[in-house]
Amino acid sequence: MIELVLGGARSGKSGYAAQRAEATRLPVVYLATAQALDEEMRERIAHHRAERPDAWRTVEEPLALAAALAREAAPGRCLLVDCLTLWLSNLLLAGREEEIEALIAALPALPGALILVSNEVGWGIVPENALARRFRDEQGRLNQRIAQLADRVTLIAAGLPLVLKGAPR
Amino acid sequence: MIELVLGGARSGKSGYAAQRAEATRLPVVYLATAQALDEEMRERIAHHRAERPDAWRTVEEPLALAAALAREAAPGRCLLVDCLTLWLSNLLLAGREEEIEALIAALPALPGALILVSNEVGWGIVPENALARRFRDEQGRLNQRIAQLADRVTLIAAGLPLVLKGAPR
Amino acid sequence: MIELVLGGARSGKSGYAAQRAEATRLPVVYLATAQALDEEMRERIAHHRAERPDAWRTVEEPLALAAALAREAAPGRCLLVDCLTLWLSNLLLAGREEEIEALIAALPALPGALILVSNEVGWGIVPENALARRFRDEQGRLNQRIAQLADRVTLIAAGLPLVLKGAPR
């Protein structure tokens, strides 16, 4: 069971994904992809951590996500990846784009429940910066590919879900 | 009865909110938060005013929105606030962030009908400007908090509504 | 029968529009509005072309869209316009805004099926660039006007449709 949770910045997508993870009633492993490279990121990471239930185990993996998922996934366990956007940004900065194919290849075979959080970044004016244009192309393509593999896809605005694919509840 | 109307720039959210206000068949007070600080704003304000029914009363309040709502709200009356995004921008510029808590505290007790218009601003590439990043964080948080209190929330694109919460019609 | 397909960059809107065109089982004429002014555009155009079925006929028209539609439309034929956003950008650059009114006037009388693809560009922070602000205003207004005339309007995210107007399938 793969679920993809999409939304803009501060749309409440992480909170919604956390509710969905809790609703599985399975033990949850939280897979954090953020890297604390500056003060602003450190604050965002601390803010997200404070919102997570104490019972969850946290695993940090900025790059080798497919390997981390293969290691952690198990029947009767829920993995929550937050988020694919920071992970994709890490990959492009590190020149590790091959990790995208590794993730797509790994997803169908994973046991247990998997919830993935990702950003919508292409709904504004074309960015003047060529790297930003490339990033939004890669992000859009990644979201489409994962949505195809997912059993359920939701788009979040103001903390509320619109179901793009799968069961309404 | 609180309704939140969300959407991007020129999505038709103001027009949709106006239809919703008319549909209440109550007398409408239009609460304008815009400040005419330059020629472009003056034109946008005039454009919006020309689209409003003559029967509506307009109240301008760029900052102290909670107080204005408490003053104007009444059973059998509909207040339409357009929009929370300009209001939030005014607050941050004036250093009056405490008005956010005042609004959240005031909303549940207001009599009559209330329709609030707000922008979605977080669906693009991360802005390079730190103030812009802060603004989209604050806007996203505000939209989430109001959506939680609202009876009905819609997301508008091309003038058409997607219902996020509450009754389809 | 007019269908409008909306979405962000790399949302899968072109792919969805192509599926909808195929589903009509009519011969398809693809109306391309892109101009290959630089290498990046040439690559995007080639990428889109490689994804199209060989049986489709392609007509290129960057500006005079209403005339091209009037010339090509026929009962038992499906026209697919991809996309209105590049076309609008071409119009503003060429000072040919009158083509917008020509398109709106032409649409209701066209025979056959017509599918139009357009971008959502107003869901980010207000652009600092005045031309970008004007573009997103014009794009938002155009999408609203076409949505009013359309029989079906969808909003695409990650390749999946949300129906804003018309039949679910």
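Model, not experiment: these values are computed from the prediction.

Draft legend 1. Structural view of the overall build of chain A. Looking only at helices and strands, chain A features 6 helices and 7 strands. Over its C-alpha trace chain A gives a radius of gyration of 15 Å, about what one expects of a compact globule, namely 15 Å for 169 residues. Counting only C-alpha atoms and orienting by the principal axes, one finds that chain A spans roughly 45 × 30 × 30 Å. Of all 169 residues assigned to chain A, the portion counted as buried reaches 56%. Long-range contacts, defined here as pairs at least 24 residues apart, represent 74% of the contacts in chain A between residues at least 6 apart.

Draft legend 2. Local environment of the relation of the copies chain A and chain B. With an RMSD of 0.0 Å, the fit of chain A onto chain B corresponds to turning through 120° and sliding 0.0 Å along the axis. What the rotation and shift describe, once combined, is the action of a three-fold rotation axis.

Draft legend 3. Structural view of the interface of chain A and chain B. With 25 residues of chain A at the contact, the number on the chain B side is 21 residues. When the two sides are added together, the surface that chain A and chain B hide from each other amounts to roughly 1,700 Å², 64% of it contributed by carbon and sulfur. The interface formed by chain A and chain B includes 1 salt bridge. Between Arg10(A) and Asp137(B) there is a salt bridge, with its nearest N and O atoms 3.6 Å apart. Where chain A touches chain B, the interface holds 5 residue pairs in polar contact (both at pLDDT 80 or more). Contributing elements (two or more residues each) for the side of chain A that touches chain B: helix 2 (39-51), helix 6 (130-149), strand 6 (152-157) and strand 7 (160-165) of chain A.

Draft legend 4. Summary view of the sheet that holds strand 1 (residues 2-7) of chain A. Residues and elements named next belong to chain A. Judged by pairing direction, the sheet is mixed, and its 7 strands sit side by side in the order 3-2-4-5-1-6-7 without closing on themselves. The two strands at the open ends of the sheet, each matched to only one other strand, are strand 3 (57-60) and strand 7. The average undirected angle you get between the axes of adjacent strands in this sheet is 20°. As defined by bridge partners, strand 4 (residues 78-82) adjoins strand 5 (residues 113-119) across 5 bridges and the pair is classed as parallel. Looking at strand 5, one finds that Leu80 is bridged to Ile115.

Draft legend 5. Here's a closer look at the environment of Asn129(B). Residues and elements named next belong to chain B. One can find Asn129 in the loop between strand 5 (113-119) and helix 6 (130-149). In this structure Asn129 comes out as partly exposed when scored by relative accessible area, which is 34%. Between the alpha carbons of Asn129 and Ala106 there is a distance of 32 Å; along the sequence they are 23 residues apart.

Draft legend 6. Up close: the interface of chain C and chain A. Taken together, the contact pairs 25 residues of chain C with 21 residues of chain A. Taken together, the connections running from chain C to chain A amount to 1 salt bridge. Our count for the chain C to chain A interface comes out at 5 residue pairs in polar contact (both at pLDDT 80 or more). For the side of chain C that touches chain A, the elements supplying multiple residues, two or more each, are helix 2 (39-51), helix 6 (130-149), strand 6 (152-157) and strand 7 (160-165) of chain C. Its residues placed into classes, the side of chain C that touches chain A shows 13 nonpolar, 7 polar and 5 charged.

Draft legend 7. How the structure looks around the side chain of Arg20(B). Considering the arrangement of structural elements, one finds Arg20(B) in helix 1 (residues 13-23). Not counting residues up to four positions away in its chain, the partners in contact with Arg20(B) are Glu3(B), Ile115(B), Arg152(B) and Arg169(B).

Draft legend 8. Here's a closer look at the state of the cysteines. All names here are of chain A. In the structure shown here, the tally under the stated rule is 0 disulfides over all chains. Cysteine Cys83 is unpaired, with the sulfur of Cys78 as its nearest cysteine sulfur at 16 Å. By relative accessible area, which is 7% here, Cys83 ends up buried.

Draft legend 9. Seen up close, the packing of helix 4 (residues 84-94) of chain A against helix 6 of chain A. Residue and element names in this part refer to chain A. As a packed pair, helix 4 and helix 6 sit with axes 11 Å apart at the nearest point and diverge in direction by 130°. Accordingly, the angle class assigned to the pair helix 4 and helix 6 is oblique. For the pair helix 4 and helix 6, the crossing hand works out as right-handed. Residue-level inspection shows Leu84, Thr85, Trp87, Leu88, Ser89 and Leu92 of helix 4 in contact with helix 6, the latter providing Arg134, Phe135, Glu138, Gln139, Leu142 and Ile146. For the contact of helix 4 with helix 6, the residue count by class is 7 nonpolar, 3 polar and 2 charged.

Draft legend 10. Fine view of the packing of helix 5 (residues 98-106) of chain B against helix 6 of chain B. All names here are of chain B. Direction vectors running N to C along helix 5 and helix 6 enclose 10°, while the axes themselves pass 10 Å from each other. In terms of their interaxial angle, helix 5 and helix 6 are classed as roughly parallel. For the crossing formed where helix 5 meets helix 6, the hand is right-handed. Contact residues: helix 5 offers Ile100, Glu101, Leu103 and Ile104, while helix 6 offers Glu138, Leu142, Arg145, Ile146 and Leu149.

Draft legend 11. Focus on unusual backbone geometry. Here Asp82(A) and Cys83(A) are connected by a cis peptide whose omega angle stands at 5°. Within the fold, Cys83(A) resides in the loop between strand 4 and helix 4. Phi at Arg25(A) is positive, roughly 60°, even though this residue is not glycine. Note that Arg25(A) resides in the loop between helix 1 (13-23) and strand 2 (28-32). Notably, Arg10(C) is not glycine yet its phi reads approximately 50°, a positive angle. Here Arg10(C) shows up in the loop between strand 1 (2-7) and helix 1 (13-23).

Cut-offs applied
- Residues numbered from 1 in each chain as written.
- Chains lettered and ligands numbered in written order.
- Predicted model: local features only at pLDDT ≥ 70, side-chain atom pairs only at ≥ 80, totals over all residues.
- Heavy atoms only, no water.
- Helix = DSSP H or I, 4+ residues; strand = E, 2+ residues; numbered from the N terminus.
- Rg over C-alpha atoms; globule rule 2.2 N^0.38 Å.
- Buried < 20%, exposed > 50% of the residue type's maximum accessible area, 1.4 Å probe, protein only.
- Contact = heavy atoms within 4.5 Å.
- Least-squares fit on C-alpha atoms with pLDDT ≥ 70 in both.
- Buried area = accessible area lost by both parts, 1.4 Å probe.
- Salt bridge = Lys/Arg side-chain N within 4 Å of Asp/Glu carboxyl O.
- Polar contact = N/O pair within 3.5 Å; in protein donor to acceptor, adjacent residues only side chain to side chain.
- Pairing = 2+ DSSP bridges.
- Axes fitted to C-alpha atoms, helices over the stretch in contact; angles between N-to-C directions.
- Nonpolar A, V, L, I, M, F, W, Y, C, P; charged D, E, K, R; others polar.
- Disulfide = S-S within 2.5 Å.
- Parallel < 35°, antiparallel > 145°, perpendicular 65-115°, else oblique.
- Left-handed = near helix turned anticlockwise from the far one by under 90°.

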